Every structure is written in C-alpha cells, then in structure tokens.
Amino acid sequence: MNTAMVCASHSPLLHCYSKEPDSWGALQQAFKDTAAVIEKFDPELVIAFGSDHFNGFFLKMMPAFCVGAKAEAAGDIGGYPGPLIVPQDIAFSVVEFLRINDIDPAISYQMTIDHAFSQTIVDMLGGLEKRPVIPVFINCITTPFVPFKRSRLMGEAIGRFTQTLNKRVLLLGSGGMSHHPTRYYPAYGEGEEEVQAWQMSGGDAPTSLTPAEWLERLEVMHHEGADMIARGERTAKDMRLNADSDQLFLDTLVSGDIEAFDTWDQYKLIEKAGIGSMELHAWIAAAAAHKSAGGSNPVVDIYTIAPEIGIAAGIVHAL
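The structure displayed is predicted, hence computed values, not measured ones.

Participant: What am I meant to see in unusual backbone geometry here?
Facilitator: Peptide bonds are, in most cases, trans, and in most cases residues other than glycine have a negative phi. Put simply, Thr143 and Pro144 share a cis peptide bond, and its omega is -10°. Here Pro144 is to be found in the loop between strand 8 (133–138) and helix 4 (148–162). The linkage connecting Gly176 with the following residue, Met177, adopts the cis geometry, with an omega of 0°. Looking at the element boundaries, Met177 is found in the loop between strand 9 (169–174) and helix 5 (193–201). You will see that Asp42, though not glycine, has its phi angle at about 60°, which is positive. Inspection of the secondary structure puts Asp42 in the loop between helix 1 (24–41) and strand 2 (45–50). Of note, Arg240 is a non-glycine position whose phi angle comes to about 60°, a positive value.

Participant: How should the layout of surface pockets be read in this particular structure?
Facilitator: Here the idea is plain: a probe the size of a water molecule rolls over the atoms and shows the empty space left. The computed volume of the largest pocket comes to approximately 200 Å³. Lining the largest pocket are 13 residues, and of these Ile141, Thr143, Ala187, Tyr188 and Ile275 lie nearest its centre. Its residues assigned to classes, the lining of the largest pocket shows eight nonpolar, four polar and one charged. Counted as a void, the second largest pocket has a volume near 160 Å³. Taken together, Gly56, Phe57, Phe58, Lys60, Met61, Cys66, Ile107, Ser108, Gln110, Met111 and Thr112 make up the lining of the second largest pocket. Looking at the lining of the second largest pocket, the elements with two or more residues in it are strand 6 (106–108) and strand 7 (111–113). The class makeup of the residues in the lining of the second largest pocket is six nonpolar, four polar and one charged.

Participant: How should the packing of aromatic side chains be read in this particular structure?
Facilitator: We describe a pair of aromatic rings using the distance from one ring centre to the other and the angle between the two ring planes. Applying the stated criterion across every chain, the model contains 13 aromatic pairs. Seen from their ring centres, Phe145 and Tyr267 are 5.7 Å apart, and the 55° between their planes marks the pair as tilted. Here Phe145, found in the loop between strand 8 and helix 4, pairs with Tyr267, found in helix 8 (residues 266–273); they are 122 residues apart in sequence, far enough to count as distant. Accessibility expressed as a relative area gives 11% for Phe145, which makes it buried. Of the residues examined, Tyr267 reaches a relative accessible area of 44% and is grouped as partly exposed. Taking 5.0 Å as the distance between ring centres and 75° as the angle between the ring planes, the aromatic pair formed by Phe261 and Trp264 counts as edge-to-face. Here Phe261 falls in the buried class, since its relative accessible area comes to 0%. Aromatic ring contacts, followed pair by pair, group Phe58, Tyr184, Tyr185, Trp198 and Trp214 into a single cluster.

Participant: I would appreciate a short explanation of the sheet that holds strand 4 (residues 71–73) in the present structure.
Facilitator: Pairing between the strands of a sheet comes from backbone hydrogen bonds, and it takes one of two forms, parallel or antiparallel. As summarised here, the arrangement of the three strands in space is 5-4-7, forming an open sheet in which the pairing is mixed. Only two strands of the sheet have a single neighbouring strand rather than two, namely strand 5 (82–83) and strand 7.

Participant: I'm lost on empty space enclosed by the protein in this one. Help?
Facilitator: Scanning the model with the defined rule gives four cavities of 30 Å³ or more in all. Of the pockets and cavities examined, the largest cavity occupies roughly 170 Å³. As for the largest cavity, its lining consists of 19 residues, of which Ser11, His179, Pro181, Tyr184 and Gly310 are closest to the centre. Split by residue class, the lining of the largest cavity holds nine nonpolar, eight polar and two charged. Empty space within the second largest cavity amounts to approximately 50 Å³. Forming the walls of the second largest cavity are Ser51, Asp52, His53, Cys140, Ile141, Pro181, Ile275, Gly276 and Glu279. In the lining of the second largest cavity, the residues fall into four nonpolar, three polar and two charged.

Participant: Sorry if this is basic, but what is going on with helix 2 (residues 88–100) here?
Facilitator: Each full turn of the α-helix corresponds to 3.6 residues, which orients residues three or four apart in the same direction. With 13 residues, helix 2 should reach 18 Å at 1.5 Å per residue; the first-to-last C-alpha distance of 18 Å fits that figure. Buried within helix 2 we find Ile90, Ala91, Val94, Val95 and Leu98. For helix 2, the angular spread of buried residues about the axis comes to 145°, placing them on one side. Exposed side of helix 2, more than 90 degrees from the buried face: Asp89, Glu96 and Ile100 are the residues found there. Against strand 2, strand 3 (65–68), strand 6, strand 8 and helix 4 lie the buried residues of helix 2. At the C-terminal side of helix 2, Asp102 shows a positive phi close to 70°.

Cut-offs used in this document
Residues numbered from 1 in each chain as written. Predicted model: local features only at pLDDT ≥ 70, side-chain atom pairs only at ≥ 80, totals over all residues. Heavy atoms only, no water. Helix = DSSP H or I, 4+ residues; strand = E, 2+ residues; numbered from the N terminus. 1 Å grid on protein atoms, 1.4 Å probe; cavity = no way out; pocket = protein on both sides within 12 Å on 5 of 7 lines; lining within 4 Å. Points joined across faces, edges and corners; volume = space filled by probe spheres on them. Nonpolar A, V, L, I, M, F, W, Y, C, P; charged D, E, K, R; others polar. Phe/Tyr/Trp six-rings, centres within 6.5 Å; stacked < 30°, edge-to-face > 60°. Buried < 20%, exposed > 50% of the residue type's maximum accessible area, 1.4 Å probe, protein only. Pairing = 2+ DSSP bridges. Expected span 1.5 Å × (residues − 1). Arc of directions from axis to C-beta. Contact = heavy atoms within 4.5 Å.

Structure representation (structure tokens):
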C-alpha cells in the first residue's frame, strides 16, 4: 500500500485554553500515537487538505479548491509560521490531473496557509519542513459552500493520481469536528466594518484592519474566549458541539460509504454542528483519496467533546 490517511481536528484554543479539558491527556496521547503511525509509514510526500480562516483566502476571490505550488504559513494563533517544502512539479501535475478528470482547482504560486494546515502538519509530522507537502485548500468558511460530493470526487481523483507516483503518500485532513467559531470569524455582513473589510480584502481596503491588527485581534479574542469558557459564559451548546452529529459522521466515514455524504444538507449540518463542521470536507477528501488508491477504511483513534478548547475533537487514520 502506497498511501496512508490521517484526519485530525485543530483549534487555536489547543494553544491557549484557560482550563484543561478532562480528556486532555487522552487527546495528547492520541496525537502522539497517530504521529508515530505516520513516522513508521515514513511518507515521501504529504497531500494535505485544509481550510482557511481569512488569513490567506478572502471574499474578493474565494475559490472552491486551490492547490498550492508554493506555500507559507501565517503566524496566527494556534498556527506555526514558516514555509512548506512544496514539490512544485508534482503540485502542477496534481492540478493538471484534476482538470483532466473534470475537477477545476485554482492554483496558487504564493499560497498563505494558517493554523487550519500548519497546526495539524506540525502535530503529525513534527514540523512544517519535515516532509514535502502539497496543500489543497477547500473553502469551508463562507457561502456558497462546496457540495460534499465535489470534495469526494476531488479526493478520488487525487487518490488515482497517487497511483501514478512511485512514492509513499500521506493523505492528511485537518479540521472539524462540530464547532461554531463565528465569534472570531463572523459571517459576511455580520462583523464590524473593519473586520468585514479585512475578510473582503485581506488588508487592501482603506477601512480594513492591517495584517498585524487582524492577528492581534485573533490573539486577544481567543484568550478572551478561553476565559469565557472557563467561567461558564460560553457553553458546549453555544459552540454547537454535537456528539450525535459527529458520531453519525464517524460511523459513515469508517463504514467506507463515503458517497453517502453526497446527499448531506450542509446548511442543516451547520445548524446542528456549527460552521466548523464544514471542515469535514477535508476528511471526506482525504478518505476518498485513500479509498480510491486502494486503502482500507479508517479507524477512530479518539473522539471527545472538549468545550475548553472550543471543539469536538477527533482523530482517525487508515493504512
């Protein structure tokens, strides 16, 4: 088998919680155990599926999918700044293969990623530059959303692409599970003027926050949010943490019936499990890629409701 798959939750509050979750030790052990599985697999290439939180992609031009031919991580809270080692020739080949196979991603020659990629890459690989990584962005933050079917089809095509390489490939999905971080990343039209201008322009608009002001805002607000959670002012219900919804997703994923997600109503899922549940696009794409490459169904390493870190957290892997 030349592919392995790992999907894991991310959260800035993993770096700045005010109260340690009851499941903290088990969660940290699961991260270490899964990282050890990856180390043993020893991937020669990582194709990472992730999203963004208005640090690299903005409303003035929001692609459904984008492949990075060069990428650097911003220093947002929860993330790790620095460049990725992106094999540009393979990234170009991924784009060409997808387009030949009826998927039309954008390509970025200067992609900025945030903690949606960098946190999971560092947690699972040990650093941003430990392995060659091709980032594949999926819009999970704003309407109109990508249908789950399209992410599945993209994943399946990437899985077939991996079979053209003589390499061990890790398919890494980052994000989810249920959570609703609109306090930090408001929906279009619902934020303060300077925040909305940032989300639209990334600092180009006269009324926008500057990049430094945006990062400072995220730093301050996440620390405030962590304190609010610790004081009981923000609850699991406020954050739309939903074990029933997450369990249905996990049951479907580990069954291997990835096509079942094609019919899921994304807006109903958001009502139940928050906009953060849209990050499960990355899990669907990674799982579809691994299955298409001939891989086995994933197994669940951990699932826990952890309001102290703002998310319901999960990790799955497959070889």
